[in-house]
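Analysis of the macromolecular model
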Amino acid sequence: MLSPATLARVVGAALEEDAPWGDLTSTTLLPPDARATADLVAREPGVFSGGEVFAAAFRLTDDALRVDVHVGDGDEFGAGDVLASVSGSARSILTAERVALNFTQRMSGIATLAAAYVRAVAGTQARIADTRKTTPGLRAFERHAVASGGGRNHRYSLSDAVMAKDNHLAVLKRSGADLATALREALSRLPHTTHVIVEVDRLDQIGDVLEGGAHTVLLDNFTLDDLRRAVALIDGRATVEASGGVTLETVRDIAATGVDVISVGALTHSARALDLGLDLRID
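Calculation notes
Residues numbered from 1 in each chain as written. Predicted model: local features only at pLDDT ≥ 70, side-chain atom pairs only at ≥ 80, totals over all residues. Heavy atoms only, no water. Helix = DSSP H or I, 4+ residues; strand = E, 2+ residues; numbered from the N terminus. Buried < 20%, exposed > 50% of the residue type's maximum accessible area, 1.4 Å probe, protein only. Contact = heavy atoms within 4.5 Å. Lys, Arg positive; Asp, Glu negative; His and termini not counted. Charge placed at Lys NZ, Arg CZ, Asp CG, Glu CD. Axes fitted to C-alpha atoms, helices over the stretch in contact; angles between N-to-C directions. Parallel < 35°, antiparallel > 145°, perpendicular 65-115°, else oblique. Left-handed = near helix turned anticlockwise from the far one by under 90°. Nonpolar A, V, L, I, M, F, W, Y, C, P; charged D, E, K, R; others polar. Pairing = 2+ DSSP bridges. 1 Å grid on protein atoms, 1.4 Å probe; cavity = no way out; pocket = protein on both sides within 12 Å on 5 of 7 lines; lining within 4 Å. Points joined across faces, edges and corners; volume = space filled by probe spheres on them.

Within the chain, the regular secondary structure consists of 11 helices and 12 strands. Overall, the chain is about 70 × 35 × 25 Å in size when its C-alpha atoms are taken along their principal axes. Counting only residues that meet the buried cut, the chain has 47% of its 283 residues in that class. Once local pairs closer than 6 in sequence are excluded, the contacts in the chain between residues at least 24 apart make up 72%. Here the chain carries 28 positive and 38 negative side-chain charges, and the mean point of each set is 4 Å from the other.

Glancing now at the packing of helix α4 (residues 90-120) against helix α5 (residues 139-148). At a minimum axis distance of 7 Å, the contact between α4 and α5 shows a crossing angle of 40°. As the angle between them shows, α4 and α5 are arranged oblique. The element α4 and its partner α5 pack so that their crossing is right-handed. On α5, the residues touching F103, R106, M107, I110, A111 and A114 of α4 are F141, E142, H144, A145, V146 and S148. Here the residues of the contact of α4 with α5 are counted per class, giving eight nonpolar, two polar and two charged.

What follows deals with the sheet that holds strand β3 (residues 66-69). Strand pairing within a sheet occurs via backbone hydrogen bonds; the two strands may be parallel or antiparallel. Strand order in the open sheet made by the four strands is β3-β5-β1-β12, with antiparallel pairing throughout. In this open sheet, the two edge strands, each paired with only one partner strand, are β3 and β12 (276-282). Between one strand axis and the next, the sheet turns by 15° as a mean value, whatever way the strands run. Looking at chain direction, strand β1 (residues 35-42) and β12 are connected through seven bridges and run antiparallel. Counted as the bridge partner of V41 is G277 from β12. On the sheet, α4 packs against β1, β5 (82-89) and β12 and is oriented at approximately 160° with respect to β12.

Let us now look at the environment of G245. Counting through the fold element by element, G245 comes out in the loop between β10 (239-243) and α10 (251-255). You can call G245 exposed: its relative accessible area is 66%. Taking C-alpha positions, G245 is 8.6 Å from G265, a pair spaced 20 residues apart along the chain. Residues in contact with G245, not counting those within four places in the same chain, are N221 and T250.

Attention shifts here to the layout of surface pockets. Here the largest pocket defines a volume of roughly 420 Å³. If you go around the largest pocket, you meet 21 residues; those closest to its centre are T131, K133, K165, S243 and G265. Of all the secondary-structure elements, those providing two or more residues to the lining of the largest pocket are β9 (216-220), β10 and α11 (266-269). Of the residues assigned to the lining of the largest pocket, the class counts are five nonpolar, eight polar and eight charged. The space that makes up the second largest pocket amounts to roughly 360 Å³. What lines the second largest pocket is a set of 15 residues, and nearest its centre among them are L169, K173, L179, R202 and Q205.

In short, shape yes, function no, at least from these values alone.
Pasting the structure below:
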């Protein structure tokens, strides 16, 4: 569920961007008493996400509009299916149309892609997770869409977990700090509930990460053979995450190495918007 505050803030900003001084076309050409019904129709199959967002776009435009969402987030649909309907003022429907479609098409595209990755690793222990490679300002919606498709959410922001990546390790090395010692000192200062993740790109880095007490070892751009070696080396002492260049064609082989999590930036930065349309009927 997306919070009402998030819906109002993000959808409200999109509506203001699209019609900062009102919808000139609808308000000058259409009779004020014209009424219509519009159906959200799928032009292609997929997995739905964004029902709350779709409804919010219309209700924030005109709270007298009636919005009915016929499918739930995470539901599969086929081409031609009617996913939602909105009825009321024709002016208001047409004013909110593009914003409602933009969000729903993008979120359903992300959910559909996430579902494809989840299906690809079915039967393994690997979980598919998103990353922070999201559209600025839309992270809450895009992460919700990943979850709609059966994926898992990684840390939401820099404030949610310690995640030391290659540039952090380069700074530590340059300063002469020992990684294992730096991790132990960080853990001594952090609340016991804080998760610590360290990214490595070589097998010989894993020992220091484990010695330092990291909870997750993130294996970045490892070969399949090295992923298997890393899983054996870690041997259950930490969660094993794989990332870097993951595609639908490679994700099954990565999962088969025994990793626990596969993080996929493409879920949000490369998902194609689904083809959904709003078909209008004049009442």
